[in-house]
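These are the residues of each chain, in order.
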Amino acid sequence: MKLLYFAWLRQKIGKAEESLEVPAHVKEVGQLLDWLESLGPNYATALKERRAVKVAVNQDYVGLDHPVKAGDEVALFPPVTGG
Amino acid sequence: MKLLYFAWLRQKIGKAEESLEVPAHVKEVGQLLDWLESLGPNYATALKERRAVKVAVNQDYVGLDHPVKAGDEVALFPPVTGG
Amino acid sequence: MIRVQRGDFDIGAELERLAAGSHQVGGIASFIGLVRDIAPAESGGGSGAASAMTLEHYPGMTEKRLQEIEAEANRRWQLEASLIIHRYGRLEPGDRIVLVATASRHREAALEACAFLIDWLKTEAPFWKLEESAEGARWVEARASDDARKAAWKK
Amino acid sequence: MIRVQRGDFDIGAELERLAAGSHQVGGIASFIGLVRDIAPAESGGGSGAASAMTLEHYPGMTEKRLQEIEAEANRRWQLEASLIIHRYGRLEPGDRIVLVATASRHREAALEACAFLIDWLKTEAPFWKLEESAEGARWVEARASDDARKAAWKK
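Rules of the game
- Per chain, residue numbering runs from 1 following the sequence as it is written.
- The lettering of chains begins at A and the numbering of ligands begins at 1, in the order of writing.
- Two thresholds apply to this predicted model, a pLDDT of at least 70 for residue-level local features and 80 or more for giving and counting side-chain atom pairs, whereas whole-chain, interface and lining totals are computed over all residues.
- The basis for every side-chain value is the complete set of heavy atoms in the structure, and neither hydrogens nor water enter the calculation.
- Any two strands are treated as partners once DSSP identifies two or more bridges connecting them.
- In DSSP terms, a helix is any run of H or I states spanning at least four residues, a strand is any run of E spanning at least two, and both are numbered starting from the N terminus.
- In a helix, the anticipated span is given by 1.5 Å times the number of residues less one.
- Buried, partly exposed and exposed residues are distinguished by accessible area as a fraction of the type maximum, computed with a 1.4 Å probe on protein chains only: under 20%, between the cut-offs, and over 50%, respectively.
- Comment: arc refers to directions from the helix axis out to C-beta atoms.
- Contacts: residue pairs with any heavy atoms within 4.5 Å of one another.
- Buried surface area refers to the total accessible area, computed with a probe of radius 1.4 Å, that the two partners give up upon joining, counted for both partners together.
- Salt bridge, as used here: a side-chain nitrogen of Lys or Arg that lies within 4 Å of a carboxyl oxygen of Asp or Glu.
- For the purposes of these results, a polar contact is taken to be a pair of N or O atoms within 3.5 Å, where, inside protein, one atom must be able to donate a hydrogen and its partner to accept one; residues adjacent in sequence count only when each atom of the pair is a side-chain atom.
- Charged residues are taken to be Asp, Glu, Lys and Arg, nonpolar residues to be Ala, Val, Leu, Ile, Met, Phe, Trp, Tyr, Cys and Pro, and polar residues to be all remaining types, Gly included.
- Least-squares fitting of one copy onto the other uses the C-alpha atoms of those residues that reach a pLDDT of at least 70 in both copies.
- The pLDDT value tells you how sure the predictor is about a given residue, anywhere from 0 up to 100.
- Between the rings of Phe, Tyr and Trp (Trp by its six-membered ring), a pair exists once the centres lie within 6.5 Å; its type follows the angle of the planes, with under 30 degrees stacked, over 60 edge-to-face, and the other angles tilted.
- Remark: a charge is flagged as sitting over a ring if the NZ atom of Lys or the CZ atom of Arg is within 6 Å of the ring centre and within 35 degrees of the ring normal.
- Helix axes are fitted only over the stretch in contact, all axes being lines through C-alpha atoms; the angle between N-to-C directions runs from 0 to 180 degrees.

K.L.:
Break down the pairing of strand 8 (residues 136–139) of chain C for me, with residues and values.
P.N.:
Residues and elements named next belong to chain C. Across 4 bridges, strand 7 (residues 127–133) lies against strand 8 in antiparallel orientation. Looking at strand 8, one finds that Glu131 is bridged to Arg138. Hairpin connection from strand 7 to strand 8: 2 residues lie between these consecutive antiparallel strands.

In structure tokens form, the structure reads like this:
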């Protein structure tokens, strides 16, 4: 699974992207976030305030119950501030 | 009194402007229009449909009861269509 | 600033000037009105002949009204700058007729004031359009929908 | 048409192109977003130092979302043409960030669709602003008022 991080999520996690082998029990976005938090304090800090974490799967905005699977591109970022 | 006519009012009356000595009993816009109608068939035709005649006195939009006096600049025109 | 002129205007230069010298402008909203070739659309095909128009105006009162409309917009919204340019004389399809533009710190003010300016201008500024077509010339009639749009801005 | 680019754009040329080749366009509405120097206003005077910013985005998804937003505007209003240009990278006060523009037969559609595009873009397009100031860099926070404006367009 390809993970992308933007803005302060990128800074807190300390990388812009990575490829991860996600365990079989991780089937939804919410479970993915829980599992990422367990990877280290940088992830835990970045994902602590869940309300501020937006998720896109394959470049579409999704909710916490959206399915994720190997091969997906999953992006985590704060609320957008363009324009 | 200086009279100005625009758009089809100008065409129907047959002139763009004129200076007129207005009789003493003409004290309001409505009376002015009545008096103008009496000046000839071109005026009568132009002013027949009163709803379509807008009036400005000294470059301000006014209603039929607005006073007019010697020295005023009075303009007659149809509803505006700019922009 | 308001300008009533026969000649064309340079949109890029005008909008650039609107924000020049102030870094407090966060947004510029603008509206450009163009001469539309109504012939093909409204006669259901037809000759497709271009329909030019001549814009008549009331020199003096036009400037006065545009200044009042601009002042009203500046009373209602906090603008850093505003601009109305309106042309008169003979214009052909595709030609620019009018430019209204507003610069503000925030986009809401700029967008709303821009719409306000063009809506009010349509019903307040003393301009009249004489359209030419294959059938001859005719004075454009005011649209009730324009009055309704203006009325919607009334406080 | 949508474009995501590092470089600046030429407003006059872009708006000109929007109506080119069609005499069916009666109005072009546009909105330009600029980098505002927030330092003096929000710190109550302060140094007046210019505050630059860096716009980060999500290549691929940005283009996809902008295309969807543009398509939605074209579903809601009858437009002859529409355009969104959004820049990324480092920008300084006074620099242009974004241009949205709509061309339509009638001004109502152009004005409304233009406001719609910028409102939706603000809350939908994956861009993030990092502001630099004398105190350091900070990520701009999303405004609840932007969400409210977007929600107001919901059908």
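That was the structure; now back to the text.
K.L.:
So what's going on with helix 3 (residues 61–76) of chain D? Residues and values would help.
P.N.:
Residues and elements named next belong to chain D. The terminal C-alpha atoms of helix 3, which comprises 16 residues, lie 23 Å apart, in line with the 22 Å expected from a rise of 1.5 Å per residue. Inspection of helix 3 places Met61, Thr62, Arg65, Leu66, Ile69, Glu70, Glu72, Ala73 and Arg76 among the buried residues, and these make up the whole buried set. The arc that holds the buried residues of helix 3, viewed along the axis, is 165°, so those residues lie on one side.

K.L.:
Outline the environment of Ala52 of chain A, listing residues and values.
P.N.:
All names here are of chain A. Along the chain, Ala52 turns up in the loop between helix 3 (41–47) and strand 3 (54–57). Overall, Ala52 belongs to the buried group, its relative accessible area being 13%. With sequence-adjacent residues up to four places away left out, Ala52 is seen in contact with Trp8, Phe77, Pro78 and Pro79.

K.L.:
A description of the interface of chain C and chain D should follow, citing residues and the corresponding values.
P.N.:
Taken together, the contacts link 40 residues of chain C with 40 residues of chain D. Both sides of the chain C and chain D interface together cover about 3200 Å² of buried area, and 52% of this is carbon and sulfur. Its largest share of buried area at the contact with chain D, chain C owes to His23, Arg36 and Arg107 of chain C, together 22% of the area lost on that side. At the junction of chain C and chain D, the tally comes to 8 salt bridges. In this structure, Asp146 of chain D engages Arg107 of chain C in a salt bridge whose closest nitrogen and oxygen atoms are separated by 2.9 Å. The interface formed by chain C and chain D includes 17 residue pairs in polar contact (both at pLDDT 80 or more). Taken together, the elements giving at least two residues each to the side of chain C that touches chain D come down to helix 1 (11–19), strand 2 (27–34), helix 2 (38–42), helix 4 (107–124) and helix 5 (144–152) of chain C. The element contributing the most residues to the side of chain C that touches chain D is helix 4 of chain C, with 10 residues. For the side of chain C that touches chain D, a count of residues per class yields 18 nonpolar, 9 polar and 13 charged.

K.L.:
Can you tell me about the side chain of Arg107 of chain C, naming the residues and giving the values?
P.N.:
One can find Arg107 of chain C in helix 4. We classify Arg107 of chain C as buried; its relative accessible area is 4%. Of note is the side chain of Arg107 of chain C, whose polar atom sits 3.0 Å from the side chain of Asp119 of chain D. Excluding anything up to four places from it in sequence, Arg107 of chain C contacts Phe31, Ile118, Asp119, Lys122, Arg143, Asp146 and Arg149 of chain D.

K.L.:
Residue-level account of unusual backbone geometry, with values.
P.N.:
All names here are of chain B. Of note in this structure, Ala7 is not a glycine but carries a positive phi near 55°. Tracing the backbone shows Ala7 in helix 1 (residues 7–13). Positive phi, close to 70°, is recorded for Gln59, a residue that is not glycine. In this structure, Gln59 sits in the loop between strand 3 (54–57) and strand 4 (60–62).

K.L.:
With reference to specific residues and values, describe the relation of the copies chain C and chain D.
P.N.:
Copies of the same chain, two in number, are related to each other by a rotation about an axis and a translation along it. Rotating chain C by 180° and translating it 0.0 Å along the rotation axis places it on chain D, where the RMSD comes to 0.0 Å. Taken together, the rotation and translation relating the two chain copies correspond to the operation of a two-fold axis. Proximity to the rotation axis, assessed at the C-alpha, singles out Gly12 of chain C in chain C; its C-alpha lies 1.9 Å from the axis. Comparing interface residues between copies, 100% of those in chain C also lie at the interface in chain D; the contact surface is shared.

K.L.:
Provide a residue-level description of the confidence of the model for chain C, including the pertinent values.
P.N.:
Reading predicted coordinates in detail is not appropriate for stretches of low pLDDT. Per-chain confidence: chain C averages 91 in pLDDT, with 92% of residues scoring 70 or above. On the interface metric, ipTM, the complex scores 0.93, and its pTM is 0.93.

K.L.:
Run through the packing of aromatic side chains, naming residues and quoting values.
P.N.:
Inspection of the entire model under this criterion finds 22 aromatic pairs over all chains. An angle of 85° between the planes, with centres 5.6 Å apart, marks the rings of Trp77 of chain D and Trp153 of chain D as edge-to-face. Taken together, the positions of Trp77 of chain D in the loop between helix 3 and strand 4 (81–87) and Trp153 of chain D in the segment after helix 5 (144–152) put the pair 76 residues apart, joining distant regions of the chain. Through a chain of ring-to-ring contacts, three or more aromatic side chains come together here, namely Phe6, Tyr61 and Phe77 of chain A together with Tyr58 and Trp128 of chain D. Above the plane of the ring of Trp8 of chain B lies Lys12 of chain B, whose end atom (NZ or CZ) is 4.7 Å from the centre.

K.L.:
Quick rundown of the interface of chain C and chain B? Include the residues and the values.
P.N.:
Chain C puts 27 residues into the contact, and the matching count from chain B is 21 residues. Interface of chain C and chain B: buried area, both sides summed, is about 1800 Å²; carbon and sulfur atoms make up 57% of it. When the buried surface of chain C facing chain B is broken down by residue, Tyr58, Trp128 and Trp139 of chain C rank first, second and third, together holding 36% of it. The residue Arg10 of chain B makes a salt bridge to Glu56 of chain C at a minimum N-O spacing of 2.5 Å. Where chain C touches chain B, the interface holds 13 residue pairs in polar contact (both at pLDDT 80 or more). Of all the secondary structure elements, the ones that give two or more residues to the side of chain C that touches chain B are strand 3 (53–57), helix 3 (61–76), strand 6 (96–104), helix 4 and strand 7 of chain C. The dominant element in the side of chain C that touches chain B, judged by the number of residues it contributes, is helix 4 of chain C, at 5 residues. Class assignment for the residues of the side of chain C that touches chain B results in 15 nonpolar, 4 polar and 8 charged.

K.L.:
Break down the sheet that holds strand 3 of chain A for me, citing the residues and quoting the values.
P.N.:
Strand pairing in a sheet is mediated by backbone hydrogen bonds. Such pairs are either parallel or antiparallel. The 5 strands are arranged 2-1-5-3-4 (chain A) in an open sheet whose pairing can be described as mixed. The strands lining the two open edges of the sheet, one partner per strand, are strand 2 (17–19) and strand 4 (60–62) of chain A. On average, adjacent strands in this sheet sit at an angle of 25° to one another, irrespective of strand direction. Strands in contact with helix 3 of chain D are strand 3, strand 4 and strand 5 (73–77) of chain A; relative to strand 4 of chain A, the strand with the most contacts, it is inclined by about 90°.

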